[in-house]
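Residue-level structure breakdown
Chain by chain, the residues:
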Amino acid sequence: MDLSRLEINRRTALLTSAAIAANVINPMRAFAQETPRKGGVFNVHYGAEQRQLNPSIQASTGVYIIGGKIQENLVDLDASGQPVGVLAESWEATPDGKTVTFKLRKGITWHDGKPFTSEDVAFTAMNMWKKILNYGSTLQLFLTSVDTPDPQTAIFRYERPMPLNLLLRALPDLGYVSAKHLYESGDIRQNPTNLAPVGTGPFKFVKYERGQYIIAERNPDYWRPNAPYLDRIVWKVITDRAAAAAQMEAGELHYSPFSGLTISDMARLGKDKRFIVQTKGNEGNARTNTIEFNFRRKELSDIRVRRAIAHAINVPFFIENFLGDFAKLGTGPIPSTSTDFYPGPNTPQYPYDKAKAIALLDEAGFKATGGNRFALKLLPAPWGEDISLWSTFIQQSLGEVGIQVDIVRNDGGGFLKQVYDDHAFDLATGWHQYRNDPAVSTTVWYRSGQPKGAPWTNQWGWEDKTVDKTIDDAATEVDPVKRKALYADFVKEVNTELPVWMPIEQIFVTVITAKARNHSNTPRWGSASWHDLWLSA
Amino acid sequence: MRILSLAGRRLAASIPTLFLILIGVFLLLQLAPGDTVDALMAQMGGGDAATAQQLRKFYGLDLSVPAQLGNYLWHLVRLDLGFSSIYGKPVATVILERLPPTILLMTASLSFAFFFGLLFGVIAARGVNRWPDTLISTLGLIFYATPSFWFGLMAIVVFSVYLQWLPSGGFQDIGTVQTGVRGVLDIAAHLVLPTLTLGLIFLAIYLRIMRASMLEVLNLDFVRTARAKGLDETHVITRHVLRNALLPMVTLIGLQAGTMLGGSVVVESVFSLPGLGRLAYESVVQRDLNTLLGIVFVSALLVIVVNFVVDLLYARLDPRIAAEG
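Summarised in this report is the structure supplied together with it.

Scoring rules and cut-offs
- Residues numbered from 1 in each chain as written.
- Chains lettered and ligands numbered in written order.
- Predicted model: local features only at pLDDT ≥ 70, side-chain atom pairs only at ≥ 80, totals over all residues.
- Heavy atoms only, no water.
- Helix = DSSP H or I, 4+ residues; strand = E, 2+ residues; numbered from the N terminus.
- Contact = heavy atoms within 4.5 Å.
- Areas by Shrake-Rupley, 256 points an atom, 1.4 Å probe, with all protein chains shown as cover.
- Lys, Arg positive; Asp, Glu negative; His and termini not counted.
- Charge placed at Lys NZ, Arg CZ, Asp CG, Glu CD.
- Rg over C-alpha atoms; globule rule 2.2 N^0.38 Å.
- Buried < 20%, exposed > 50% of the residue type's maximum accessible area, 1.4 Å probe, protein only.
- Pairing = 2+ DSSP bridges.
- Axes fitted to C-alpha atoms, helices over the stretch in contact; angles between N-to-C directions.
- Parallel < 35°, antiparallel > 145°, perpendicular 65-115°, else oblique.
- Left-handed = near helix turned anticlockwise from the far one by under 90°.
- Polar contact = N/O pair within 3.5 Å; in protein donor to acceptor, adjacent residues only side chain to side chain.
- Patch = residues over 30% accessible without salt bridge, like charges linked within 9 Å, V, L, I, M, F, W, Y side chains within 5 Å.
- Salt bridge = Lys/Arg side-chain N within 4 Å of Asp/Glu carboxyl O.
- Phe/Tyr/Trp six-rings, centres within 6.5 Å; stacked < 30°, edge-to-face > 60°.
- Lys NZ or Arg CZ within 6 Å of the ring centre and 35° of its normal.

1. Let's talk about the overall build of chain B
Summing up its helical and strand segments, chain B has 13 helices and 0 strands in all. Helices and strands in chain B line up, N terminus first, as α-α-α-α-α-α-α-α-α-α-α-α-α. Reported as C-alpha extents along the three principal axes, the dimensions of chain B are approximately 85 × 55 × 40 Å. Considering only intrachain contacts with a sequence separation of at least 6, the fraction spanning at least 24 residues in chain B is 73%. Roughly 15900 Å² of accessible area belongs to chain B as shown, and the carbon and sulfur atoms make up 70% of that amount. Computed over 22 positive and 19 negative side-chain charges, the separation of the two mean positions in chain B equals 10 Å.

2. Quick look at the overall build of chain A
What chain A contains, in helices and strands, is 17 helices and 22 strands. Taken over the C-alpha trace, chain A has a radius of gyration of 24 Å; the compact-globule value for 537 residues is 24 Å, and the two agree within 12%. Here the C-alpha coordinates of chain A stretch approximately 75 × 55 × 45 Å along the principal axes. Expressed as a percentage of its 537 residues, the buried residues of chain A come to 61%. Sequence separation of 24 or more characterises 71% of the internal contacts of chain A that already satisfy a separation of 6 or more.

3. Side note on the pairing of strand E10 (residues 232-237) of chain A
Residues and elements named next belong to chain A. Most of E10 sits out of view: 5 of its 6 residues are buried. Note: strand E1 (residues 41-46) against E10, 6 bridges, orientation parallel. Following the sheet pairing, Phe42 is matched in E10 by Ile233. Judged from the 5 bridges that link them, strand E9 (residues 213-218) and E10 form a sheet pairing that is antiparallel. Across the sheet, residue Ile214 finds its bridge partner in E10, namely Trp235.

4. Section: the pairing of strand E4 (residues 88-93) of chain A
Residues and elements named next belong to chain A. Pairing of E4 with strand E5 (residues 99-104) involves 5 bridges; the strand directions are antiparallel. Within the sheet, the bridge partner assigned to Glu92 lies in E5 and is Thr101. Counting the residues that bridge the hairpin from E4 to E5 gives 5 residues, and of these Gly97 lies at a positive phi of roughly 75°.

5. What to know about the packing of helix H6 (residues 131-145) of chain B against helix H8 (residues 180-218) of chain B
Helix-helix packing is characterised by the crossing angle of the two axes and by the distance between the axes. All names here are of chain B. Viewed as axis vectors pointing N to C, H6 and H8 meet at an angle of 140°, and their least axial separation amounts to 8 Å. As summarised for this structure, H6 and H8 are arranged oblique, according to the angle between their axes. For the pair H6 and H8, the crossing hand works out as left-handed. Residues Asp133, Ile136, Ser137, Gly140, Phe143 and Tyr144 of H6 lie in contact with H8, whose contacting residues are Leu200, Ile201, Leu203, Ala204, Ile205, Leu207, Arg208 and Arg211.

6. Section: the environment of A:Gln506
All names here are of chain A. Counting through the fold element by element, Gln506 comes out in strand E19 (residues 500-507). What makes Gln506 buried here is its relative accessible area of 5%. Sequence separation between Gln506 and Leu329 is 177 residues; the distance between their C-alpha atoms is 8.7 Å. The residues touching Gln506, leaving out its near neighbours within four places in the chain, are Asn285, Ala286, Arg287, Asn289, Leu323, Phe326, Ala327, Asp386 and Trp431. Side-chain polar atoms of Gln506 contact the side chain of Asp386, separated by 2.5 Å.

7. Looking at the sheet that holds E4(A)
Residues and elements named next belong to chain A. Read from one edge of the open sheet, 4 strands run E4-E5-E7-E6, paired in antiparallel fashion. If you trace the sheet from one side to the other, it starts and ends with E4 and strand E6 (143-150), each paired once. Strand-to-strand twist of the sheet, defined as the mean angle between neighbouring strand axes without regard to direction, takes the value 20°. Taken strand by strand, helix H3 (residues 118-129) contacts E5, E6 and strand E7 (153-158), and its axis lies near 170° from that of E6. Sitting on the sheet, helix H5 (residues 164-174) touches E4, E5 and E7, and the angle it makes with E5 is about 45°.

8. Brief notes about unusual backbone geometry
The omega angle of the peptide bond from A:Ala227 to A:Pro228 is -5°, so this bond is cis rather than trans. Positive phi, close to 60°, is recorded for A:Asn518, a residue that is not glycine. Mapping A:Asn518 onto the fold places it in the loop between strand E21 (516-517) and strand E22 (534-535). For A:Asn518, a relative accessible area of 12% puts it in the buried group. Not every positive phi belongs to a glycine, and B:Leu79 is a case in point at roughly 60°. Of note, B:Leu79 is situated in the loop between helix H4 (65-77) and helix H5 (91-126). The class of B:Leu79 is exposed, set by a relative accessible area of 74%.

9. Here's the deal with a nonpolar patch on the surface
Side chains of B:Trp131, B:Leu135, B:Leu139 and B:Ile142 sit close together on the surface and give an oily, nonpolar patch of about 450 Å² of accessible area. Along the chain, the position of B:Trp131 falls in helix H6.

10. Points about the environment of B:Gly60
Residue and element names in this part refer to chain B. Along the chain, Gly60 turns up in the loop between helix H3 (49-58) and H4. With a relative accessible area of 24%, Gly60 lands in the partly exposed category. A sequence separation of 25 residues divides Gly60 from Ser85, and the C-alpha atoms of the two residues are 10.0 Å apart.

11. A few points about the side chain of A:Thr117
Residue and element names in this part refer to chain A. With respect to the element layout, Thr117 can be found in the loop between E5 and H3. Only 3.1 Å separates the side chain of Thr117 from the backbone nitrogen of Glu119, close enough to count as a polar contact. Apart from residues no more than four positions distant in its own chain, Thr117 is found in contact with Leu104 and Pro151.

12. Some words on the packing of aromatic side chains
Residue and element names in this part refer to chain A. Summed over all chains, the structure comprises 37 aromatic pairs over all chains. These aromatic residues form a ring-pair network of at least three members: Phe295, Phe341, Tyr446, Trp462, Tyr487 and Phe490. Over the aromatic face of Trp431 sits the side chain of Arg287, whose NZ or CZ is 4.0 Å from the ring centroid.

Remember, this is a structural readout, not a statement about activity or role.
Right, dumping it as structure tokens:
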């Protein structure tokens, strides 16, 4: 696998961020030697159709990739990963952290011509974010009301302190606003607007042909001056990854987001001058590969066995030979891309050491009789090629130290049911998707008391009072410095106990035409509004 | 008219079968771990337990399995296929939207396979064990042994990526929606590669069957009689042999109409066609029980109809069948 081009892209990425830092007043000047061109159709690969398109009620990249161009959030992330206002112009929190006031931008209208006001924000927050939106319902659990003293002010009131930096890092994903006048009557989930979204964004919804395509066109009344550049965006539904790669080559697709192609096709297109293949622009969608232990198995409830399993697997070898430059060694649940919370690599780690693994297993009393110590059932999630490869690698590595692993494959629904509801697994492996703040996506993997059946939560049969306390303290700590320190403690604690091991860090890979300009310029670009994206001739 | 009543009786007998199939599929799907809410959670990337409970209620999954089955059958009797959980629309509407591409693809590739299978089968039988036969049989074997997704992908690489003659996927051009004759031509251009991909495998089967059946009929007494009374070879083949050799082919079409519905999943995925096969696959993965049962129902209907037509064709080809009853 030749990934030299990818290397170059990373280097240019670093240079570019340096350029941005040096050119704060007009960061775009660093890119824009050419004059932006208006017009053009941007064709996007859409791999898995969702049931609806409204990002106010479903937080997933499959919705943002479309809904994020049509609807807008209160806050997004800028090129350096800092919160920047979109529908909100400014914000402030009271010192006790229980009240957060957003000042909204003036003169914004919905695509149907009605004005956008704080009423929309209050309605969306109380009825969608708090009640329906996945992750949102956890984030806004203690939201009691949203006051709207005037059309440009929304005051969020919380029962318990809400750290402002948590809210601002969560809102880019969990802060999309829907129009009150379209949703106030009837069941929100069944509202036809969910499949024909109306927003304030740079693109207006035109048509959705299920199983074929979705079209959105330029919003001529968009509030940002001179934006957007593109005439149209067309999302083409292509479920076969190899076929999508062929369409990229035939010029019928411009962009395949979120590692939508096979690893080998991405590496191949990376060598082609017509395409850019890179991880830049997806830093906000970092994920880690996991090994989840079921403590109901007596062998796995022994910490020596869990550590032995970690020591028995040669992670750097796996990354180098199977994932290439698309992945790197992970150090725990908070990935290194999270500049605000990454505690550094100095937490308990489990480097490859087969002898130590064998010694630990012997010490725990599981002797090898006839080559085998015990057998474990491993359930890999079906989301990606890497998980499938990783599960086979686990199987072979553990076989070397006398643990027999049987792999049981399921489809998505089956996997979630068996692992997180039926607990019918010994080991499970999948992705932990980090969503910019540990309180949004990560601590639920470790906090005890998660209701049975909630996917991607602590269903391991493991409970640790110290960890629970650290998590609870951090969730309501309003001082950012103290909060960061608490999360460093949290990583140390869970890396010591190891209920879940997260040894690989990955960022989604973007494959995009070399003609695209102003792409990948924020950490969640695939989900962003693309108001400044343009295609060179 | 005897044949009509015969076929009619078979039609009536297939209704209980249809119900049994539906109940079987329903129960079989209960064995698969996870329901449509789990699948939705998988797609969303997470959600809390309260949300899941709300959703289960919303989709009617909080009822017991017999109650769900009872509900379903009660709706079905009233010709209501229910509501699709992934599409948020009535199943009948969803299926009707997806039916045209599938039927078009199926008809096109069946006709292609039937016509060329017949032609090549006859040519091979007439030149048995000489070079046309060897060439055709070898090609047939190659088509038969190649997986259709590979065929499809190679066709895309050659005709769409390199030669840029044909579109690489989709059902119609999205950029400029055409109407009238241009629209028909546009859809036809999009269907060339999928039709060939799906048709080639069936072509291979048909030509083998046709060849074998021709060879068999050619050795029968009535052919010798025909030749003895001085008919020329072309006349013998077209009027006497072909008609009798066609019977196994027609049977096969009836059988394979069903296979083709299933086999099109791969072709529809590779060419991004919005057909029934892909819908079925999606509804299994998303555990959309109503849609899946609806597809089973419609596919079963299609197969029944095709076999009904085949029954009628038999009588046309071989009057003895109608006479004996």
